Amino acid sequence: MTPADTGASTIVGAVASPPAPDSRVAPGGPGYRRMSFALFLAGVATFALLYSTQALLPLISGDLGVSASDASWTVAAATGGLAVFVIPMSALSERFGRRTVMTASLAVAVTVALLIPFAPSLPALVVLRAVQGAALAGLPASATAYLAEEVTPKALVTAIGLFVAGNSVGGMSGRVITGWVAQEWGWRTAVGVIGLVAVVCAVAFRMLLPQPKHFTPGSLRPRVLAGTVRDHLANPLLRRLYAIGALFMTVFGGVYTVIGYRLTEAPFSLPQGIVGSIFLVYLVGTVSASTSGRLVGRLGRRGALYLAGGTTAAGLLLSLADSLPLVLLGLVLITAGFFAGHSVASSAVSRTATHGRAQASALYQSMYYIGSSAGSTVGATAFHSGGWAGTVGVGLLAMLGVVTVTLAGTRAARRQAARTPATA
C-alpha cells in the first residue's frame, strides 16, 4: 500500500506518530467519580438555597404580618438575582476559571444563608435573598462549561445529567426538609438547617472537585460579549425558545409559590410538613425530562411543545377542584408538562446556536429565571385578589403564550419550506 493510501509520510524511514491520547476524564478514570459527586453536591446546594423559602411562605406571612404577594418576593428576589447575574458570571468564569467562580459563588451564598434566619424584617429578608441569588448565578454559568472542558465527549451527557439531578434533588429535598422542620420549630430554624446542609455541600465540593487541566483563560471583552448576545437575540428561533422557557417557568413559579397557601387553608387545612412533602411530585418531572428526547423523536420539537403546554394547562384546570386527590393529580400534570417543555426548549437552544453557546444558554437561563420571578410575584398577587382561580388564570395565559409562540414557529417553518424550492 502506498504512502498516499496509508497517510504515512513519504520520507523513507519516517513513522506516523500516533494520535495524542485524550487526557480528559472518562467514566472509570481517575477523578471521574470525585468530579461528578462534587458537582452533584453543588447542584444540591444551589437549588436547596434558591428555593428554600418557597414552601415556607404561609409561615413567613404569619410571622412577619405580610400578604402572600409580599412574602413571594423572598422567592422572586433570589431567582431575579440569578437571572440578572448569570451572564456576567459566565463572563467571569471565562477569565478567572470555572472552579474559582463556582467556589466563590457557593462561599458567598452559604454565608448569606447563615444570616437569613436572623433577618429582622421582610425588606431585609428580600435583600439577603437577592444577594444570595446573584451569588448562585456562578454555578449554572460555570458547571456545564467545566464539564465540557474536563470530561470526554462521550461522558459529557451523563456528567451534566448528574449535575442536573443534583439540582432536582436539591430543589425537592430543600422544600421537603424545610416543611417538616418548620412545622416543629418555625421557618427561621428551617432555613437555618438548609444553610447548614449547604455549608456541608460547599465544603465537600471544594475538597472533591479536581483542579482543571484544560481551562484556558480568556479576556473580559465587553464588546465581544455584547456582540454575541446581540447575535443570539437577533435569531428569531432563539427568541422564541427564550420566550417559551420564560412562559413555562412563569406557570411553575406561580403554582409552587402559591400552592402552600392553598393547601394550608380550608377546605384542605394541611399541616406544614405535609405541604412540604407535596414537592416530592418533582420526581415526576425527572421522569418527563428524561423521556423528552423520545418525545421529540416521535412528535418533533414543536409537537412536543404543544403536548407539554396542553398537559400543563390540563393540570391547571384539574387543580381547581376542591378534592385533594384531583389537586395532586393536577400538580403531577403541571410538573410533567413543565419539565418536558423546559427540557425540549433548553436542549434546542444548544443545537440552534452556531457560536457562543455558553452565552446562548446563559440567556436562556436568564429568561427562565425572569419567568420564575414573574410567576412568583404575579401568581401570588393573583391569589391575593382572586384566590387559586386567579393563579390558575395567570398560568393558563402563559400556556396560551407558549402555544402562540410555538404556532408562530410552525408558520415560520412552513414559509421557509415554501421558499426553499424557489431558491434552490
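Details of the structure are given in the entry above.
Residues numbered from 1 in each chain as written. Predicted model: local features only at pLDDT ≥ 70, side-chain atom pairs only at ≥ 80, totals over all residues. Heavy atoms only, no water.

**Student:** Got a minute to help me understand the environment of Phe 279 in this structure?
**Tutor:** Structurally, Phe 279 can be placed in the loop between helix H13 (272-277) and helix H14 (282-290). For Phe 279, a relative accessible area of 2% puts it in the buried group. Separated by 56 residues in sequence, Phe 279 and Thr 335 have C-alpha atoms that sit 9.9 Å apart. Not counting chain neighbours up to four residues away, the residues in contact with Phe 279 comprise Gln 54, Ala 55, Met 172, Arg 175, Val 176, Tyr 256 and Ile 259. (Helix = DSSP H or I, 4+ residues; strand = E, 2+ residues; numbered from the N terminus. Buried < 20%, exposed > 50% of the residue type's maximum accessible area, 1.4 Å probe, protein only. Contact = heavy atoms within 4.5 Å.)

**Student:** I'm lost on the pattern of salt bridges in this one. Help?
**Tutor:** Any two side chains of opposite charge can pair if their charged atoms end up close together. Using the criterion set out here, one finds 2 salt bridges in the structure. Across the pair Arg 188 and Asp 63 runs a salt bridge, and its minimum N-O distance is 3.6 Å. Remark: Asp 63 occurs in helix H3 (residues 57-64) and Arg 188 occurs in helix H10 (residues 187-208); sequence separation between them is 125 residues. You can call Arg 188 partly exposed: its relative accessible area is 26%. (Salt bridge = Lys/Arg side-chain N within 4 Å of Asp/Glu carboxyl O.)

**Student:** Even after reading the chapter, I still don't get the environment of Leu 263, so can you show me in this structure?
**Tutor:** In this structure, Leu 263 sits in helix H12 (residues 236-264). Residue class for Leu 263 comes out buried when judged on its relative accessible area of 0%. Sequence separation between Leu 263 and Ile 278 is 15 residues, and the spatial gap between their C-alpha atoms is 9.7 Å. Once you skip the residues sitting within four places of it in the chain, Leu 263 turns out to touch Phe 268, Ser 269, Leu 270, Val 275, Ile 278, Leu 324 and Val 327.

**Student:** Quick question: what am I supposed to make of the environment of Val 403 here?
**Tutor:** Mapping Val 403 onto the fold places it in helix H17 (residues 357-423). Along the chain, Val 403 and Arg 302 lie 101 residues apart, while their C-alpha atoms are 9.4 Å from each other.

**Student:** How do you make sense of the packing of helix H5 (residues 73-96) against helix H6 (residues 98-115) when you look at a structure like this?
**Tutor:** The axes of two packed helices give the description: the angle between them and the distance between them. Running from N to C, H5 and H6 cross one another at 130 degrees; their axes reach a closest spacing of 7 Å. By the criterion of interaxial angle, the relationship of H5 to H6 is oblique. Contacts between H5 and H6 involve Met 89, Ser 90, Leu 92, Ser 93, Glu 94 and Phe 96 from the former and Arg 98, Thr 100, Val 101 and Ser 105 from the latter. (Axes fitted to C-alpha atoms, helices over the stretch in contact; angles between N-to-C directions. Parallel < 35°, antiparallel > 145°, perpendicular 65-115°, else oblique.)

**Student:** Explain the nonpolar core here, please?
**Tutor:** Note that soluble globular proteins tend to have their nonpolar side chains buried in a common cluster. The biggest cluster of nonpolar side chains holds 114 residues, and the ones touching the most others in it are Leu 39 and Tyr 256. If sequence neighbours within four positions are ignored, Tyr 256 has contacts with Gln 54, Phe 279, Val 281, Tyr 282, Leu 331 and Thr 335. (Core = buried A, V, L, I, M, F, W, Y, C linked by side-chain atoms within 4.5 Å.)

**Student:** Whenever I open this one, the packing of aromatic side chains confuses me. Can you help?
**Tutor:** Geometrically, a pair of aromatic rings is defined through the distance of the ring centres and the angle of the planes. Evaluation of the coordinates by the stated rule reveals 15 aromatic pairs. Seen in terms of ring centroids, Phe 37 and Phe 40 are 6.3 Å apart; in terms of plane orientation they differ by 15 degrees. Their pairing is stacked. One end of the pair is Phe 37 and the other is Phe 40, both in helix H2 (residues 32-50) and 3 residues apart, which spans about a single turn. Relative accessible area serves as the criterion here: at 44%, Phe 37 is assigned to the partly exposed category. Residue classification places Phe 40 among the partly exposed positions, given a relative accessible area of 21%. When the centroid spacing of 6.2 Å and the interplanar angle of 70 degrees are considered together, the rings of Phe 279 and Tyr 282 count as edge-to-face. Here Phe 279 and Tyr 282 have matching classes, each one buried. Clustering of aromatic rings is evident, with ring pairs tying together Phe 252, Tyr 256, Phe 279, Tyr 282, Phe 338, Phe 339, Tyr 364, Tyr 368 and Tyr 369. (Phe/Tyr/Trp six-rings, centres within 6.5 Å; stacked < 30°, edge-to-face > 60°.)

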